[in-house]
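Here is what each chain is made of, one letter per residue.
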Amino acid sequence: MNNLIQTFDKLGFFLREFKKFYAHEKYISGNLKKFFFPFQNLMKKIPIINSWFRTEDLLITIEQWGNILTKEKLEYWLNKYPFIEKKNQIKTILVIMPGNIPMVGFHDFLCVLLSGHHILIKLSEEDNLLLPFLCQIITHINPILEKKIRFSKNFFNEEYHSVIASCSNNTARYFEYYFRKYPMILRRRRTSIAIIQGNESKKDLIYLIKDILTYSGRGCRNVGKLFIPNNYDFHLILDQNLSSYIMKNYKYIDNYNYYLSIYTLNNIVIKRNPMMILIENKNYHSPISVVYYEFYSNLKQLKKLIHKNRKHLQCLVSRNIYKNEVNFGKTQFPKLWDYSDNIDTIKFIIEKN
């Protein structure tokens, strides 16, 4: 276990040093510096292949994982699992990774290896370059891991013992049937919401815009719906500016223009700025560039409503309302122990394998 912690601690160090190198072309790292220029070239290649993944997004991901992959944080996280060393047999876990934001499947990758098992990875076509490159670094640091990490484009012909899969709601029905004989974590589509109380600072609202627009709003941790008090001044939100980030993404702007046209032609009342469209809607899953909102007058009743729809939600952004709430601006910066769908991945891996 200590060997694995040291491996990912070194990976975290590499990512932190690479972030400095990318910004200033200065670096300290010794035996990992040979990966700096190849990683820099990869960073240039990825946005060409998938224009949703812009350089800014890749750097956010690199900074996030660089900050949390430290020996201290890894040990603090894993100390919650004293039974992790008592596994009876090494198994192979199939992980079917999504590709909506860069390296979104890395946490599952981390959980499987730190649990002492082998991982079989089916990458998304949208995000199939970052993780294989990082695996080169990991296996350079710890060659033993070469035998524990395998990629496959066709998992139908592979052997494995349990499954972790992230997919759309439609694909989930297929996976439920196909993997019905395996222990499985099946993650469907989720979104995140924010509760506005009217007393938020300008800083809070700037952070809220980041929660909405980071990664172009494509992640389950992105806020896609707002609960707003009656008579709220929408300009408090719409006047906040993050245009230098989002306006560079032509795919996002295409979405914006498309929905603006649809709503305008259908005489639907909207509120907007050049970055996003706000529309009153009781649904939770809003399309890219659109944020749904719903008015409330009673916070207690609102909490009951949200509780009924908790299965749709990943993050709940608010201030001093919920015990497990996420602070404004923190949705895309989860801690190691913040599990997707609130399912303890390590506990599942250990207990089911």
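Before any of the text, the structure's been laid out above.
Residues numbered from 1 in each chain as written. Predicted model: local features only at pLDDT ≥ 70, side-chain atom pairs only at ≥ 80, totals over all residues. Heavy atoms only, no water.

Colleague: Help me out: how do you make sense of the packing of aromatic side chains in this one?
Modeller: Inspection of the entire model under this criterion finds 35 aromatic pairs. Three or more aromatic residues link up through ring pairs in this structure, and these residues are Phe14, Phe18, Phe21, Phe35, Phe36, Phe37, Phe39 and Phe133. The aromatic ring of Tyr284 is capped on one face by Lys225, whose charged end is 4.7 Å from the ring centroid. (Phe/Tyr/Trp six-rings, centres within 6.5 Å; stacked < 30°, edge-to-face > 60°. Lys NZ or Arg CZ within 6 Å of the ring centre and 35° of its normal.)

Colleague: Would you take a moment to explain the layout of surface pockets for this structure?
Modeller: Over the atoms, a rolling probe the size of a water molecule traces out where space has been left empty. There is about 620 Å³ of room inside the second largest pocket. Taken together, 22 residues line the second largest pocket, and the ones lying closest to its centre are Arg221, Val326, Pro334, Lys335 and Asp338. Sorting the residues of the lining of the second largest pocket by element identifies α3 (55-68) and β11 (313-317) as the ones contributing at least two each. The dominant element in the lining of the second largest pocket, judged by the number of residues it contributes, is β11, at three residues. For the lining of the second largest pocket, the class distribution of residues is ten nonpolar, five polar and seven charged. (1 Å grid on protein atoms, 1.4 Å probe; cavity = no way out; pocket = protein on both sides within 12 Å on 5 of 7 lines; lining within 4 Å. Points joined across faces, edges and corners; volume = space filled by probe spheres on them. Helix = DSSP H or I, 4+ residues; strand = E, 2+ residues; numbered from the N terminus. Nonpolar A, V, L, I, M, F, W, Y, C, P; charged D, E, K, R; others polar.)

Colleague: Mind showing me how you'd approach the sheet that holds strand β6 (residues 191-195) here?
Modeller: What the six strands build is an open sheet, ordered β8-β9-β10-β7-β6-β11; its pairing is mixed. Looking at which strands have only one partner, the edges of the open sheet turn out to be β8 (271-272) and β11. Two strands pair when backbone bridges link them, and β6 and β11 are joined in this way by three bridges, in the parallel orientation. Pairing of Ile193 across the sheet is with Leu316, part of β11. Against the sheet, helix α11 (residues 250-265) contacts β8, β9 (277-280) and β10 (290-296), and its axis sits at roughly 40° relative to β9. (Pairing = 2+ DSSP bridges. Contact = heavy atoms within 4.5 Å. Axes fitted to C-alpha atoms, helices over the stretch in contact; angles between N-to-C directions.)

Colleague: Just checking my understanding: could you explain helix α1 (residues 2-24) for this structure?
Modeller: Because each turn of an α-helix spans 3.6 residues, side chains separated by three or four positions end up pointing in the same direction. Look at α1: 33 Å from first C-alpha to last across 23 residues, which is about the 33 Å you get at 1.5 Å a residue. Taken together, the buried positions of α1 are Leu4, Ile5, Thr7, Phe8, Leu11, Gly12, Phe14, Leu15, Glu17, Phe18 and Phe21. On its buried face, α1 is in contact with α2 (36-49), α3, α4 (71-78), α5 (106-114) and α6 (130-141). (Expected span 1.5 Å × (residues − 1). Buried < 20%, exposed > 50% of the residue type's maximum accessible area, 1.4 Å probe, protein only.)

Colleague: Looking at this structure, I do not really get the nonpolar core. What am I missing?
Modeller: Note that soluble globular proteins tend to have their nonpolar side chains buried in a common cluster. Phe8, Trp77, Phe106 and Phe109 are the most contacted members of the largest nonpolar core, which has 88 residues in total. Here Phe8 is in contact with Leu69, Leu74, Phe106, Phe109, Leu110, Leu113, Leu114 and Ile138, once residues within four sequence places are set aside. Counting twelve residues, the second-largest nonpolar core is a separate cluster that includes Leu94, Ile96, Cys167 and Ala172. (Core = buried A, V, L, I, M, F, W, Y, C linked by side-chain atoms within 4.5 Å.)

Colleague: Looking at this model, I keep getting lost on unusual backbone geometry. Mind explaining?
Modeller: Keep in mind that most residues, glycine aside, have a negative phi and that most peptide bonds are trans. Even without a glycine there, the phi angle at Asn231 is positive, about 65°. Given a relative accessible area of 79%, Asn231 falls into the exposed group. Even without glycine at this site, Asn320 takes up a positive phi of about 60°. Mapping Asn320 onto the fold places it in the loop between β11 and α13 (345-352).

Colleague: Would you mind showing me how to read the side chain of Asn273 here?
Modeller: As for its placement among the helices and strands, Asn273 is situated in the loop between β8 and β9. Within the structure, the side chain of Asn273 is placed 2.9 Å from the backbone oxygen of Leu238, a separation counted as a polar contact. Not counting residues up to four positions away in its chain, the partners in contact with Asn273 are Leu238, Gln240 and Tyr256. (Polar contact = N/O pair within 3.5 Å; in protein donor to acceptor, adjacent residues only side chain to side chain.)

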